[in-house]
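Structural features, examined
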Amino acid sequence: MRLYKSGLMSSVLLSVAQTPRAGPGPSFPAVWLGPAAVACFMLFNAAYVGWWCPHDLAPDEAHYWDWSRRPDWGYYSKGPLVAWLIRVGCLLFGDTPFGVRGVAVACGGLVLLGLWRLTKLATASDRAALGVVLAAMTHPAATAVGVLSTIDGPFLACWVWAVVAALRRKWGAAGLLVALGTLAKPTMLLFPACVLLLLLIRPEWRSRRVLFLFPLSLVGLIPLVLWNAAHDWVSVRHLFGHAGNGGEAAPWYSPLAYVGGQVALLLGGWFVLWALAVWRFRPWRTDANTALLWCLSVPVFGVFLLASVRTTGELNWPVAAYLSGAALVARWFTSRDGQGAGHDSPAPWPSRLVHGGGLTCLVLLGLSLSVVARWPGIVRPALAAVSSSPSDAQPTPVRRIDPTCRLSGWRTLAEAVDEARKAAGDEAVVATMAWNVPGELGFYCSGHPTVYTFAPAVGDRFSQYDLWRPNPAADAQAFRGRTFVYVGDRLPDGVFERLEFVRRVTHTGGGVPVASWQVWVGRGYRGFDHAERMSPRY
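Residues numbered from 1 in each chain as written. Predicted model: local features only at pLDDT ≥ 70, side-chain atom pairs only at ≥ 80, totals over all residues. Heavy atoms only, no water.

1. As for the overall build of the chain
- When you go through the chain residue by residue, the secondary structure sums to 23 helices and 5 strands.
- Classification of the 538 residues of the chain by burial places 54% in the buried group.
- Counting contacts in the chain only where the partners sit at least 6 residues apart, residues at least 24 apart contribute 72% of the total.
- Accessible area for the chain stands at about 23,700 Å²; split by element, carbon and sulfur atoms hold 63% of it. (Helix = DSSP H or I, 4+ residues; strand = E, 2+ residues; numbered from the N terminus. Buried < 20%, exposed > 50% of the residue type's maximum accessible area, 1.4 Å probe, protein only. Contact = heavy atoms within 4.5 Å. Areas by Shrake-Rupley, 256 points an atom, 1.4 Å probe, with all protein chains shown as cover.)

2. Looking at the packing of helix α16 (residues 288-295) against helix α18 (residues 321-333)
- At a minimum axis distance of 8 Å, the contact between α16 and α18 shows a crossing angle of 140 degrees. By the angle class used here, α16 and α18 are oblique. Here α16 runs over α18; the crossing is left-handed. Residues T290, L293 and W294 of α16 pack against S324, A327, L328 and R331 of α18.
- The class makeup of the residues in the contact of α16 with α18 is 4 nonpolar, 2 polar and 1 charged. (Axes fitted to C-alpha atoms, helices over the stretch in contact; angles between N-to-C directions. Parallel < 35°, antiparallel > 145°, perpendicular 65-115°, else oblique. Left-handed = near helix turned anticlockwise from the far one by under 90°. Nonpolar A, V, L, I, M, F, W, Y, C, P; charged D, E, K, R; others polar.)

3. Observations regarding unusual backbone geometry
- Each neighbour pair has its own omega, and for R469 with P470 the value is -5 degrees, a cis peptide bond.
- Among the secondary structure elements, P470 is positioned in the loop between β2 (451-453) and β3 (484-487).

4. Notes on the sheet that holds β2
- Within the open sheet, the 5 strands sit side by side as β2-β1-β3-β5-β4. Their pairing is mixed. Pairing within the sheet leaves two strands with one partner each, and these edge strands are β2 and β4 (496-509). Each neighbouring strand pair of the sheet contributes to a mean axis angle of 25 degrees, computed without reference to strand direction.
- Direction of pairing for β4 relative to strand β5 (residues 512-525): antiparallel, over a ladder of 12 bridges. Counted as the bridge partner of V505 is W517 from β5. (Pairing = 2+ DSSP bridges.)

5. Notes on the nonpolar core
- If you look at the biggest cluster of nonpolar residues, it comprises 68 residues, and the most contacted ones within it are W159, W171, F191, W270 and L292.
- Tallying contributions element by element places helix α8 (residues 152-167) first for this core, with 12 residues.
- The contacts of L292, once residues within four sequence positions are left out, are V163, A166, L167, W171, L198 and W205.
- Counting residues in each nonpolar core, the second largest holds 42 residues, with A62, V398, L413 and V430 among its members. (Core = buried A, V, L, I, M, F, W, Y, C linked by side-chain atoms within 4.5 Å.)

6. Notes on the packing of aromatic side chains
- Evaluated as defined, the whole model comprises 35 aromatic pairs.
- Among the aromatic residues, those joined into a ring-pair cluster are Y452, F454, F479, F484, Y486, F496, F501, W520, Y525 and F528.
- The cationic tip of R282 hangs over the ring face of W279; the distance from NZ or CZ to the ring centre is 4.0 Å.
- The ring of W435 has R461 lying over it, and the distance from NZ or CZ to the ring centre is 3.8 Å. (Phe/Tyr/Trp six-rings, centres within 6.5 Å; stacked < 30°, edge-to-face > 60°. Lys NZ or Arg CZ within 6 Å of the ring centre and 35° of its normal.)

7. A look at the pattern of salt bridges
- A complete count under the given rule lists 16 salt bridges for this structure.
- Ionic pairing is found between E61 and R101, a salt bridge with its closest N-O pair at 2.9 Å. Note that E61 is positioned in helix α3 (residues 59-68) and R101 in helix α5 (residues 97-123), a separation of 40 residues in sequence. R101 carries the same exposure label as E61, and that label is buried.
- One salt bridge connects D126 with K120, and the closest N-O pair in it is separated by 3.0 Å.
- The exposure class of D126 is buried, given its relative accessible area of 4%.
- Through salt bridges with shared partners, a single ionic network connects R498, E500 and R523. (Salt bridge = Lys/Arg side-chain N within 4 Å of Asp/Glu carboxyl O.)

8. A closer look at the confidence of the model for the chain
- Per-residue pLDDT for the chain has a mean of 89; in total, 88% of the residues score no lower than 70.
- Across residues 1-27, where pLDDT falls below 50, the model places 47 contacts with residues more than four positions away in sequence or in other chains.
- When the criterion is pLDDT under 50, residues 337-347 qualifies, and its contacts beyond four places in sequence or with other chains add up to 32 contacts. (pLDDT = per-residue confidence, 0-100.)

9. Considering the packing of helix α10 (residues 190-201) against helix α17 (residues 298-307)
- At a minimum axis separation of 10 Å, α10 and α17 run at an interaxial angle of 115 degrees. For the element pair α10 and α17, the recorded crossing hand is right-handed. On α17, the residues that touch L190, C194 and L197 of α10 are P299, V300, V303 and F304.
- Broken down by class, the residue content of the contact of α10 with α17 amounts to 7 nonpolar, no polar and no charged.

10. Regarding a nonpolar patch on the surface
- Nonpolar side chains collect at one region of the surface, where V225, W233, V236, L239 and F240 lie side by side and expose about 480 Å² of accessible area between them.
- Sorting elements by how many residues they give to the nonpolar patch places helix α13 (residues 234-243) first, with 3 residues.
- Its location among the elements puts V225 in helix α12 (residues 221-229).
- A residue is classified by how much of its surface remains accessible, and V225, at 38% relative accessible area, is partly exposed. (Patch = residues over 30% accessible without salt bridge, like charges linked within 9 Å, V, L, I, M, F, W, Y side chains within 5 Å.)

11. Considerations on the environment of Y486
- Turning to its location among the elements, Y486 is positioned in strand β3.
- Note: C-alpha distance between Y486 and T453 (33 residues apart in sequence) is 8.7 Å.
- If we skip the residues at most four places from it in the chain, Y486 touches A431, T432, M433, F454, L491, F496, L499, Q518, V519 and W520.

12. Notes on the side chain of D402
- Mapped onto the secondary structure, D402 falls in the loop between α21 (380-386) and α22 (410-424).
- With a relative accessible area of 5%, D402 lands in the buried category.
- Among the polar contacts listed, one links the side chain of D402 to the side chain of R380, at a separation of 2.9 Å.
- In contact with D402, other than residues within four places in its own chain, are R380 and L383. (Polar contact = N/O pair within 3.5 Å; in protein donor to acceptor, adjacent residues only side chain to side chain.)

This is how it looks when you write it as structure tokens:
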């Protein structure tokens, strides 16, 4: 076997690409190195979350933690699965960052283990599966999924294992995984739609057993439908409001921005490899198993490409497409001209890419970005140097180019709020003007208080906090006369009998201001006049 001398990583990946079909008795390292690598990655993430992580909870994480304090069958914008899992983590480890993020460590490991298993089934190569998992670990997305407790962790874990079940013709298991994943993210329902496309294209997949997938997939909708029926279909309103870009037309270049965002997400080179692999393995001219991988990748990307005509969307929306897409790329690397696994020479394009050191560059780029994402203080002074200078109008300009700033300063803000609560009296109510801040204050303030929001009354969007009653925006009579400590801008005259500015809280990281808020005390709450209340945005 020839090894190109373009770097150690290139040699390893090329040897993976040229590995023939595994024999009936694979050696111990070939079989277990993949799961062992995943276990080591999980242990590293657990240690990082427990001891080394400089990040506070992200607003989404704190929001879902707040949901978990009130277990339910559904919530305003998402299904209940992430809140249930976080509650289990907090029961085991307390209401601590590890209690919240332990879920991410577990789900991230399940995603990588599923990717290893899927690639092994697709290529019949233990080494190829190991190579894909090792490459995936270097990508910043693996860091995000394995560290941050958002809906993507459980959703992607269900998706990749559903693909594994489908590849093994275990349609009942696939249906149950789809149902479970739907409780995390409704995008999971694209799975049976993709399988239906597969059945239309490839008749050999049609059987009585595959019919089990469709009714079982819908089981996950039952609690969501029942919950929404009792709550004025707010999740449906939110979904269509989000898909409709908040009532505003998406710009003409939105599809181009969508594709460009996906190219950036996959660091350019991985996107090119995915695109070439899906072109090489068009489902009407390849084997049945590879056609399934194609149908569970390209249509997902296509759905959100079409959606980008109406809405700008989020980078992570089509990420499930790249799980089976990674297996397709590995399938290409272990085949000759896309004809099937088990051939001795790699396809020409992957061979030349490895020879030029392209994969080494991709791996090193992903690894560098992952390190920076975990410890952004490494580059933050440099980012501050190229951003504008702080001013009263823009006290934290570095936030425009450093997304990790959203995970900073929440402990500092909570300490300032606790000081204001103590000065205002023990009965002071804590509130915010934005819907995504109450969870942070509830988590980090002393005693984990219930925190409210004025969001709909000041033009921000509707949220779960507006469904929990009573709340000060909708039920002013229940809070009339109370003293509030709130975070945000100055409220209109008349909301309180007396309003006092406490202080501006600015959090710095490495000497760079990264977050800033205003803290106020309002005494004698009166509520918002009807004329001031704005129709909530879903």
